[in-house]
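Residue strings, one per chain:
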Amino acid sequence: MLLASFSIDRSLRAGCSSRNALLGNRLLRLGVIVCAVAGCGDGESVTPSAPASPAAATSATDFAFVPRDELEPAGPAGDLPLSSGVRFEDVASPLKLRHVYENGAQGEMLMVESLGGGCGWTDFDRDGRPDLYLTQGGDPAVLTDDARPANRLFQQQPDGSFADVAEVAAVAERSYGQGVAVCDFDNDGFDDVYVTNVGANVLYQNMGDGTFSDVTVAAEVGDVRWSSSAAWGDVDLDGDVDLYVCNYLRYDPHNPKECLKNGVPALCHPRSLEAWPDELFENQGDGTFLAKSQSLGLYGRGNKGLGVVIADLNDDARPDIYVCNDTTANFLFLGGSAGDFTHAAVRMGAAISHSGHAQASMGVALGDYDQNGLLDLYLTHFTGEINALYRNLGANGFEDVSWRTGLQEATFPKLGFGTVMHDFDQDTHQELFTANGHIDELNADGDGYKMSPQLLTFGGKRWSDCSKQAGPFFEGRYVGRGVASGDYDRDGDMDLVVVNQNAPTALLKNVSERGHWLKIRLIGTRSNRSAVGTRAVVRFGEKRLVQELAGGTSYCASHEPILVFGLGDIQEACTLELRWPDGRVEGPLSVDVDQVLEFVESE
């Protein structure tokens, strides 16, 4: 039933942006390798490139960046660049959001220094104003956590500014932090926070009085491996959220593996280190969790997890799990009717690139960019690999359409991490934001160690880079990592927080020319209270827009749990349909544009 709906001031809306007509032909795809793969399930795998020598002191493998002039020819003239009204303004400093993720690098080339910088939106005090949790690093080799700077919890104040309340809220953890996952695991109406670290992870239970309690030991989720991203999702559909934790490599910063390049210390290549398998913690509903990845079929060869999304990727009303692995084939676990999972990435065409190679996958964005009603995947990669766009074809699996949609020129020299797909200017076309930055300051290739962030917009056939039009932030160069989306100023569009290593965290206020819109909040009752896994479908005219409140996505980040639809020029009412995590459908309902809707699941 509809609990409440209210209109946002319509003066907030500006005219929607114009777009140029699309011309030209698609790029020719060259050198396609067709791989015949037998078998799926437990044994599904692809053969990666040969690993580096297992000797104690290995030579750091060259990352094989191909110079720009050796890139695949562009072919005939393609689509013309699109005009975009998307603009962002960094307001972190005036709003007193002052945070720098310190990676602690001191010239020792410790591998853990390259990946940290997580962020998560959370209305922990339930005052309606989004707050922000940010992880911190420091020196990864110190023996006591007290020697490191603390994680921070920024509470949004009534005037829109932010104040750090981590100490008062009892969440000022001092481990070597990586990522954040926010959700209400105990269904009490208050956001809880899971923090991934190099070493033991931490689960903070929200006590409902502005403070948190460290329940890691009692909940049995203190994974001691090097974890990166994590995602909450109700994988067994029992009404509470479970926790998927990406783990990366077996690496001890106190006793690091020695890697050399040209006889001097260098960052180790991921292939020179053993993988550390991911874990799925099943929520028992009593405050405890059980490690179930092996018994549920959530494992695979070469697991070096960095990004994860939990969503219904094959449209069967059951949650699936997609995992981004670094230099090895990615995982796609399809949920079964018995509550188990099948490893189907190769069979479904989402394990490796269109040319048959495993890539260095970091972050993942989710969205229906082509408006066919199915959720597509966008993956960020290493320099010289280009980011991958897996188009969802339903029963026919996924197709890597990166080279046919303009992504090769835009992303070839980049090394991407956090990424999100949203319609920022609300003209019904999706945009992609990516935080970029290399991992190795001494051996950086592509656009260098510090890189500019990127904003791409889709025009119906191809993606075009509109970063230069998007504001001064995109002119800077950073070592970008975590990216989380949320409507912090509650004006009906998506804003972004971007964590950079050894540079100020950015709060990007969306100041775009905008079309009409809908913003949806969800509260589960029979389903998990956070409503993770709920799908919304908006219809108007001949358009059908689909979004899902997914678990995870991006990199080491947690988004505000809202769905925001861009409706373009439409002014009349549209129809909205909700499919809750258990498969029950509510609607269609007729709803007016330019408003915030909050739905409570019917009992």
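So, here's what we can say about the structure. (Residues numbered from 1 in each chain as written. Predicted model: local features only at pLDDT ≥ 70, side-chain atom pairs only at ≥ 80, totals over all residues. Heavy atoms only, no water.)

Considerations on the nonpolar core
What counts, and what does not: Here, nonpolar core refers to any group of buried Ala, Val, Leu, Ile, Met, Phe, Trp, Tyr and Cys residues whose side-chain atoms link them within 4.5 Å. Think of it in three bands: residues with accessible area under 20% of the maximum for their type are buried, residues over 50% are exposed, and the middle band is partly exposed, with areas taken using a 1.4 Å probe on protein chains only. Counting from the N terminus, the helices are the DSSP runs of H or I reaching at least four residues and the strands are the DSSP runs of E reaching at least two. Each domain's extent was defined by an automatic or database domain assignment. Contact between two residues is taken to exist if any of their heavy atoms lie within 4.5 Å; hydrogens are not considered.
The biggest cluster of nonpolar side chains holds 42 residues, and the ones touching the most others in it are Met 111, Trp 121, Phe 162, Trp 226 and Leu 507. Mapped onto this core, the elements with two or more residues apiece are β4 (119-122), β5 (131-134) and β31 (495-500). Mapped onto the domain boundaries, this core takes at least three residues apiece from domain 1 (88-517) and domain 2 (518-600). Once residues within four sequence positions are removed from consideration, Leu 507 is found in contact with Glu 89, Asp 90, Val 91, Ala 92, Leu 95, Leu 97, Trp 121, Phe 162, Tyr 488 and Leu 496. Met 348, Ile 352, Leu 366 and Ala 388 belong to the second-largest nonpolar core, a separate cluster that totals 24 residues.

Structural notes on the pattern of salt bridges
Put simply, the test is: By salt bridge we mean one thing: a side-chain nitrogen of Lys or Arg within 4 Å of a carboxyl oxygen of Asp or Glu.
Going through the model one piece at a time under the given rule, you end up with 23 salt bridges. For Asp 315, the salt bridge is made with Arg 579, and the minimal N-O distance between the two is 3.8 Å. One end of the pair, Asp 315, is in the loop between β18 (305-311) and β19 (320-325); the other, Arg 579, is in strand β39 (residues 574-579), with 264 residues separating them in the sequence. The exposure class of Asp 315 is partly exposed, given its relative accessible area of 41%. Of the charged contacts in the structure, one is a salt bridge between Arg 521 and Glu 560, with a shortest N-O distance of 2.8 Å. Of this pair, Arg 521 sits in strand β33 (residues 516-523) while Glu 560 sits in the loop between β37 (557-558) and β38 (563-568); the two residues are 39 residues apart in sequence, bridging distant segments of the chain. On the accessibility criterion, Arg 521 (22% relative accessible area) is partly exposed.

Here's the deal with the sheet that holds strand β13 (residues 242-247)
To be explicit about the condition: A pair of strands is considered paired only if DSSP assigns at least 2 bridges between the two. Lines are fitted to the C-alpha atoms to define the axes, a helix being fitted only along its stretch in contact, and any angle between axes, read from their N-to-C directions, falls within 0 to 180 degrees.
Here four strands make up an open sheet; going across it, the order is β12-β13-β16-β17 and the pairing antiparallel. At either margin of the open sheet sits one strand with a lone partner, and together these are β12 (227-233) and β17 (289-291). Each neighbouring strand pair of the sheet contributes to a mean axis angle of 20 degrees, computed without reference to strand direction. Judged from the three bridges that link them, strand β16 (residues 279-283) and β17 form a sheet pairing that is antiparallel. Pairing of Phe 281 across the sheet is with Ala 291, part of β17.

Some points on the pairing of strand β23 (residues 376-379)
Neither face of β23 is left uncovered, since the one carrying Asp 376 and Tyr 378 and the one carrying Leu 377 and Leu 379 both have all their residues buried. In the sheet, strand β22 (residues 364-367) pairs with β23 via four bridges, with the strands oriented antiparallel. Its bridge partner being in β23, Ala 365 is matched across the sheet by Tyr 378. Looking at chain direction, β23 and strand β24 (residues 388-392) are connected through three bridges and run antiparallel. Directly across from Leu 379, in β24, lies its bridge partner Ala 388.

Topic: the packing of aromatic side chains
The cut-off we apply is this: By convention, a stacked pair of Phe, Tyr or Trp rings (six-membered ring in the case of Trp) has centres within 6.5 Å and planes under 30 degrees apart, an edge-to-face pair has planes over 60 apart, and any other such pair is tilted.
Scanning the model with the defined rule gives 18 aromatic pairs in all. Measuring from centroid to centroid gives 5.9 Å for Tyr 369 and Trp 463, while their planes differ by 40 degrees, and the two rings are tilted. Highlighted residues: Tyr 369 in the loop between β22 and β23 and Trp 463 in strand β29 (residues 463-465), separated in sequence by 94 residues. For Tyr 369, a relative accessible area of 6% gives the class buried.

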